[in-house]
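# Analysis of the macromolecular model
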Amino acid sequence: MSGLLHLSSEDVNRKKKKNVSRNKKIYWRKHADVKDVEDFLSEKRSNERVGWSFKNKKNEELFVIDNGTVGQLTQKQKALLPPRCFEVLKPLTAVPDPIVKRNRVRSKEERKSSIRKAIEEKKRLSGYIPRKVLEARRSRMITRRQKKLQPKEHNFQKDLWDSTNADENDIAGNLEWLNDNTLKHNLTKLGAFKFGIPIGVRKKKSVIPTVEFPHPGSSYNPSFKDHQDLLKIVVDQELEKQKEEAHLKRVTSDLFSKITRSEKAFLWMEEMSQGLPQAEEIKVEHDGKEENEESSEYKAINPAVSFLKKKTKKQRRKQKLEKEAEFKRKEAKVQKKKVADLYKLRFISNDIKNIESTQLKNSERRQKLAAFNVSRTKRLGGKPYEEQNLAFSRGCELKGNLRSIKNGGNILADRFYSLQKRNMLVPTVKRIRLNKAKVKSYVKASHRIEDPEKCRNNTTKK
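Keep in mind that what you see is a predicted model, and the values were worked out from it rather than measured. (Residues numbered from 1 in each chain as written. Predicted model: local features only at pLDDT ≥ 70, side-chain atom pairs only at ≥ 80, totals over all residues. Heavy atoms only, no water.)

## Remarks on the overall build of the chain
What counts, and what does not: Helical segments are the DSSP runs of H or I of at least four residues, strand segments are the runs of E of at least two, and each set is numbered from the N terminus. Exposed residues in this analysis have more than 50% of their type's maximum accessible area, buried residues have under 20%, and partly exposed residues fall in between, with area computed by a 1.4 Å probe over protein chains only. Any two residues having at least one pair of non-hydrogen atoms within 4.5 Å are treated as being in contact. Only the protein chains shown count as cover for residues, and all accessible areas are computed by the Shrake-Rupley method using a 1.4 Å probe.
Across its full length, the chain holds 19 helices and zero strands. A total of 462 residues make up the chain; the buried ones form 3% of that total. Sequence-distant contacts in the chain: of pairs separated by 6 or more residues, those separated by 24 or more amount to 59%. For the chain, the accessible surface area stands at approximately 46700 Å², while carbon and sulfur atoms represent 56% of it.

## Regarding the environment of Q228
If you trace the backbone, Q228 turns up in helix α13 (residues 224-251). According to the relative accessible area criterion, Q228 is partly exposed, its value standing at 36%. Sequence-wise, Q228 and R394 are 166 residues apart; in three dimensions their C-alpha atoms are separated by 9.8 Å.

## Some points on a negative patch on the surface
The cut-off we apply is this: Residues enter a patch when their relative accessible area is above 30% and they make no salt bridge; the linking distance is 9 Å between like charges and 5 Å between nonpolar side chains (Val, Leu, Ile, Met, Phe, Trp, Tyr). The salt bridge criterion pairs a side-chain nitrogen of Lys or Arg with a carboxyl oxygen of Asp or Glu, the two atoms within 4 Å. Residues counted as positive are Lys and Arg, residues counted as negative are Asp and Glu, and His and the chain ends are not counted. Positions of charges follow a simple convention, taking NZ of Lys, CZ of Arg, CG of Asp or CD of Glu.
Together, D33, D36, E38, D39 and E43 give the surface a local cluster of negative charge. With respect to the secondary-structure elements, D39 resides in helix α4 (residues 35-50).

## Focus on the confidence of the model for the chain
The criterion, for reference: Every residue is assigned a pLDDT by the predictor, reflecting its confidence on a scale from 0 to 100.
Here the chain averages 80 in pLDDT, while 79% of its residues score no lower than 70. Below a pLDDT of 50 lies the segment residues 1-7, which in the model reaches two contacts outside its immediate sequence neighbourhood of four places, other chains included. Low confidence marks residues 168-173, where pLDDT is under 50. Its contacts with residues over four positions away, or in another chain, come to two contacts.

## Side note on a positive patch on the surface
A cluster of basic residues, R106, K108, R111, K117 and K132, forms a positive patch at the surface. Mapped onto the elements, K117 comes out in helix α8 (residues 114-126). Note on K117: relative accessible area 40%, which makes it partly exposed.

## Looking at the environment of Y417
Mapping Y417 onto the fold places it in helix α18 (residues 411-421). Each residue touching Y417, except ones within four places of it in the same chain, is listed here: Y385, E386 and Q388.

## Quick look at the packing of aromatic side chains
Put simply, the rule is: Only the six-membered ring of Trp is used, alongside the rings of Phe and Tyr, when aromatic pairs are assigned; centres must lie within 6.5 Å, and planes under 30 degrees apart are stacked while those over 60 apart are edge-to-face, with the rest tilted. Two thresholds decide whether a charge sits over a ring: the Lys NZ or Arg CZ must be within 6 Å of the ring centre and within 35 degrees of the ring normal.
Tallying each qualifying case throughout the model produces one aromatic pair. Consider the rings of F416 and Y417, whose centres lie 6.0 Å apart with planes at 80°: the pair is edge-to-face. Here the guanidinium or amino end of K123 rests over the ring plane of Y128, the centre of that ring lying 5.1 Å away. We note R346 situated over the ring of F347; from NZ or CZ to the ring centre the distance is 4.6 Å.

## Some words on a nonpolar patch on the surface
Where nonpolar side chains cluster on the molecular surface, the patch consists of V50, W52, F54, L62 and F63 and spans about 540 Å² of accessible area. Checked against the element boundaries, V50 lands in helix α4. A residue is classified by how much of its surface remains accessible, and V50, at 52% relative accessible area, is exposed.

## Examining the pattern of salt bridges
This model, assessed by the stated rule, comprises 15 salt bridges. Between K337 and D341 there is a salt bridge, with the nearest N and O atoms lying 3.6 Å from each other. Of this pair, K337 and D341 both sit in helix α16 (residues 313-342), four residues apart, which is roughly one turn of that helix. Judged by its relative accessible area of 29%, D341 falls in the partly exposed class. Between R415 and D414 there is a salt bridge; the shortest N-O distance is 3.3 Å. One connected set of salt bridges, linked through shared partners, spans E109, K112, R116 and E120.

## Here's the deal with the UniProt feature "coiled-coil region" (unreviewed entry) in the chain
Stated formally: UniProt positions are given in the numbering used here, feature names are shortened, and annotations may be inferred rather than shown by experiment.
Residues annotated in UniProt with the feature "coiled-coil region" (unreviewed entry) correspond here to residues 304-338. Regarding residues 304-338, the helix share stands at 74% and the strand share at 0%, and the terminal C-alpha atoms are separated by 49 Å.

## Thoughts on the side chain of H227
If you trace the backbone, H227 turns up in helix α13. The residues touching H227, leaving out its near neighbours within four places in the chain, are G217, P222, S393, R394, G395 and L398.

As structure tokens, this is what we get:
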């Protein structure tokens, strides 16, 4: 027992492998010891990658006598050596490429046929330049011009920190050379963060002032004329709204007359039965059809044409002459129209003048409309912008001091409508009720509870 305890793991495995069956190839592969073969092959592969082995090398190749000058290259020799950065492009193994001759993709010029090359050479000698070459030259000229216009690095024309020649407007306005991240960082640290504004709004500022002055009639102590003018504007706006409401009522509810349910059902039946035959008409038509079927005979829709009724040569000759005469008539009509158009030059010149004057008027009208649209609120969403109701006070509500005056208007609402008017906010509708999605509820089959009476009846029947 003591001898078995001192056996190594290899001896135990070797003893276990003695009883392995070796009559099949799979067992030879599984239990045969091929470690020495694998070590030999791995050593051979490593020697192939390095490119040499100590066994095949001579002593002169392995050992060198150090004279103090070996390995030192002159400056000229170092200059001829390839750069160190190109060493990554060299192969990492000394194993030769098994495929000596490889297929190479020919270039576009090499793939051209000899006929095509001859045609291009002939065009080149004659002075023909392809469009691609012209476009390449043009784009190269544009690129060079743009490159010249670009500011050169570290080319400062003036001293930025010179306070004597500094212009306040110039320093404050020209900040285009700063990066956006720099501006945001500086403005954030200063407490004045620059919010991103759309380019269209940033480039075209609204003509409408940021804070509009209220109407002088809305003052707490206005003059009589200003107060009357304000009341007139309010009245006109109210009349316009009433007119719009009356129009909508006239074209919707007032167009339909009120009738009872029975009349409505009778009218619906009469309207739906329009064009349908009645019972008496159906009977009369049926009797007439029976009589016609007995008396009538079968007749083809397209009866056969007899061979004897074909056109003669004389008829065909006359038809040909008529076609030629018709063609000559049309040609003569065209020539006559050309001659008549020569006498219409005076009228045509008048028409051209009228068209030019109309175009000039249209252009002037478009310019006026564009000037009007500059101060007009644009439509940014589905809902158009609506003007805010003016804050006004009636004559009896006017007081002479600020203590007894009635509060009117809202500063927050005024700023909100001002942002909409200046195309900075999209007009929306106030929504009190949220439109929630309708979720369908149901009971799972595993959680469904059946009627207890029904379950009791089923158990009693069983």
